[in-house]
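Observations on the three-dimensional arrangement
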Amino acid sequence: MTGRFAPSPSGTMHLGNAFSALLAWLSVRSQGGTMLLRMEDLDPQRCRAEYIAQLREDLSWLGFDWDLEQPLQSTRTAAYLAQFRKLDTYPCYCSRDALHAASAPHASDGTVIYPGTCRNLTPSERASRKKAPSWRLRVPDRTIEIVDGLQGVYSENLAKDCGDFILRRADGVFAYQLAVVTDDAAGGVTEVTRGLDLLSSSPRQRYLQELLGFAQVRYYHVPLLTDETGRRLSKRDGDLDLSALRLRMTAPEIIGRLAFAAGVLDHFEPATPESLVPIFDWKTVRKDSIVIGSEWKV
Ligand code: GLU
């Protein structure tokens, strides 16, 4: 089997990334699998070379290794275009503001369920538009069911819960959904472990895998880390950024605390990723959000 880390180098690593990385790495290593690293630097406005270097360094410092690094997504445009051309897409001229009008229904991940405005434009209507379009995949009225290894059954109706979704932005950048599916297939990935915020992307990705003739992957969506008020930790929580944590904790302290929070350890003790491989079992891993308390902030 093959798994991967797929961080976005749009910032430095924070505790939530380290938590997902730990479970992804333990799952792969406990099965004797191959681990890939892939920098998801699709968005040229947000991603920076120094973050790529820092992410690699932080992962190594925490005690993770990988067998191969996949090419940067920013170098993969031709590969995404080749897949994009096989799909039934149409140009969409809707502005973001028009789509986010107050009445628009939203999907579970906060994106607008596309009402199909540009789905059936005639060739002459298209020709009369002046702006560069984004490109959407035409989706059927079909329910896709995912059996997540940790969260259980998750299903979504593509037409009703999601709508025709963007595969290529108006600026030419390919969307995460297409890139991730293309790169997982290119790397022979069989297992995807990542944060619960991406569970709602998995039906779209499963559908793309099917359309493109790629193998299905097995998903594990792991809990998000939150503060005491239930708000998801993010890049705003600078004191829980790896660079800040590294000033006050050793790598085994961080790994031991994350393993305890995850349910991999039943008490806190300093640990290396390697030392946890023999005891790792998805059955002990928690499914629900995990509150990061004061023990991390000292
Ligand atoms: N690059 C995404 C992130 O950092 C993860 C994508 C994935 O694992 O499918 O949130």
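To keep things clear, this report deals only with the structure shown in the data block. (Residues numbered from 1 in each chain as written. Predicted model: local features only at pLDDT ≥ 70, side-chain atom pairs only at ≥ 80, totals over all residues. Heavy atoms only, no water.)

With respect to spatial proximity, the complete set of residues near the ligand consists of Arg 4, Ala 6, Pro 7, Ser 8, Glu 40, Tyr 176, Val 180, Arg 194 and Leu 198. Separating a nitrogen atom of the ligand from a side-chain N or O atom of Glu 40 is a distance of 2.6 Å. Between Tyr 176 and the ligand, the recorded distance is 2.8 Å, taken from a side-chain N or O atom to an oxygen atom. In isolation the ligand exposes 300 Å². Once the protein is present, 79% of that is buried. Among the residues making up the shell around the ligand, the classes are represented as 5 nonpolar, 1 polar and 3 charged. (Near = heavy atom within 4 Å. Polar contact = N/O pair within 3.5 Å; in protein donor to acceptor, adjacent residues only side chain to side chain. Areas by Shrake-Rupley, 256 points an atom, 1.4 Å probe, with all protein chains shown as cover. Nonpolar A, V, L, I, M, F, W, Y, C, P; charged D, E, K, R; others polar.)

All chains considered together, the criterion is met by 20 salt bridges. Residues Asp 67 and Arg 29 are paired through a salt bridge, measuring 3.1 Å at the closest nitrogen-oxygen approach. With a gap of 38 residues between them, Asp 67 in the loop between α2 (49-62) and β3 (68-69) and Arg 29 in helix α1 (residues 15-30) connect regions that are remote in the sequence. According to the relative accessible area criterion, Arg 29 is buried, its value standing at 18%. The salt bridge involving Glu 57 is made with Arg 246; its shortest N-O contact spans 2.8 Å. One end of the pair, Glu 57, is in helix α2; the other, Arg 246, is in helix α9 (residues 242-248), with 189 residues separating them in the sequence. By relative accessible area, which is 25% here, Arg 246 ends up partly exposed. Counted as one network, the salt bridges with shared partners bring together Arg 4, Arg 38, Glu 40, Arg 76, Asp 183 and Asp 184. (Salt bridge = Lys/Arg side-chain N within 4 Å of Asp/Glu carboxyl O. Helix = DSSP H or I, 4+ residues; strand = E, 2+ residues; numbered from the N terminus. Buried < 20%, exposed > 50% of the residue type's maximum accessible area, 1.4 Å probe, protein only.)

A few words now on the sheet that holds strand β5 (residues 134-137). Read across the sheet, 3 strands follow the order β4-β5-β8 without closing on themselves; strand pairing throughout is antiparallel. For this open sheet the edge positions go to β4 (89-92) and β8 (165-168), each flanked by a neighbour on one side alone. Taken pair by pair, the neighbouring strands of this sheet meet at an average axis angle of 45°, ignoring direction. Pairing of β5 with β8, which is carried by 3 bridges, proceeds in the antiparallel orientation. By the bridge assignment, Arg 136 is partnered in β8 with Ile 166. (Pairing = 2+ DSSP bridges. Axes fitted to C-alpha atoms, helices over the stretch in contact; angles between N-to-C directions.)

Of the strand pairs in this sheet, β4 and β5 are connected by 4 bridges, and their pairing is antiparallel. Bridge pairing in β5 places Thr 89 opposite Leu 137.

This part is about the sheet that holds β3. Read from one edge of the open sheet, 3 strands run β1-β2-β3, paired in parallel fashion. Edge strands, defined here as strands with exactly one partner in the open sheet, are β1 (2-5) and β3. The sheet contact formed by β1 and strand β2 (residues 34-37) spans 4 bridges and is parallel. Across the sheet, the residue bridging to Phe 5 is Leu 37, located in β2.

Moving on: helix α8 (residues 202-212). Taking burial as the measure, the 11 residues of α8 include 9 buried ones, the bulk of the element. By the burial criterion, the buried members of α8 are Ser 202, Pro 203, Arg 204, Gln 205, Arg 206, Tyr 207, Leu 208, Gln 209 and Leu 212. Gly 213 sits one or two residues past α8 and shows a positive phi near 75°.

Below, the discussion takes up α1. With 16 residues, α1 extends 22 Å from end C-alpha to end C-alpha; this agrees with the ideal 22 Å at 1.5 Å per step. Burial analysis of α1 places 14 of its 16 residues in the buried class, the great majority of the element. Note on α1: the residue one or two positions beyond its end, Gly 32, has a positive phi of about 70°. (Expected span 1.5 Å × (residues − 1).)

Turning to the packing of helix α7 (residues 176-186) against α8, a few remarks are in order. The geometry of α7 relative to α8 is characterised by a closest axis approach of 10 Å and an angle of 55° between their N-to-C directions. Relative to α8, the element α7 is oriented oblique. Note that α7 runs across α8; the crossing there is right-handed. Residues Tyr 176, Gln 177, Leu 178, Val 180 and Val 181 of α7 touch α8, and the partners they reach there are Arg 204, Gln 205, Leu 208, Gln 209 and Leu 212. Across the contact of α7 with α8, the residue classes break down as 6 nonpolar, 3 polar and 1 charged. (Parallel < 35°, antiparallel > 145°, perpendicular 65-115°, else oblique. Left-handed = near helix turned anticlockwise from the far one by under 90°. Contact = heavy atoms within 4.5 Å.)

Before going further, it helps to spend a moment on the packing of α1 against helix α10 (residues 251-262). For the pair α1 and α10, interaxial distance at closest approach is 10 Å and the crossing angle is 75°. One element, α1, and the other, α10, form an angle in the roughly perpendicular class. Where α1 abuts α10, its residues Leu 15, Ala 18, Phe 19, Leu 22 and Leu 23 lie against Ile 254, Ile 255, Leu 258, Ala 259 and Ala 262. Residues of the contact of α1 with α10, tallied by class, amount to 10 nonpolar, no polar and no charged.

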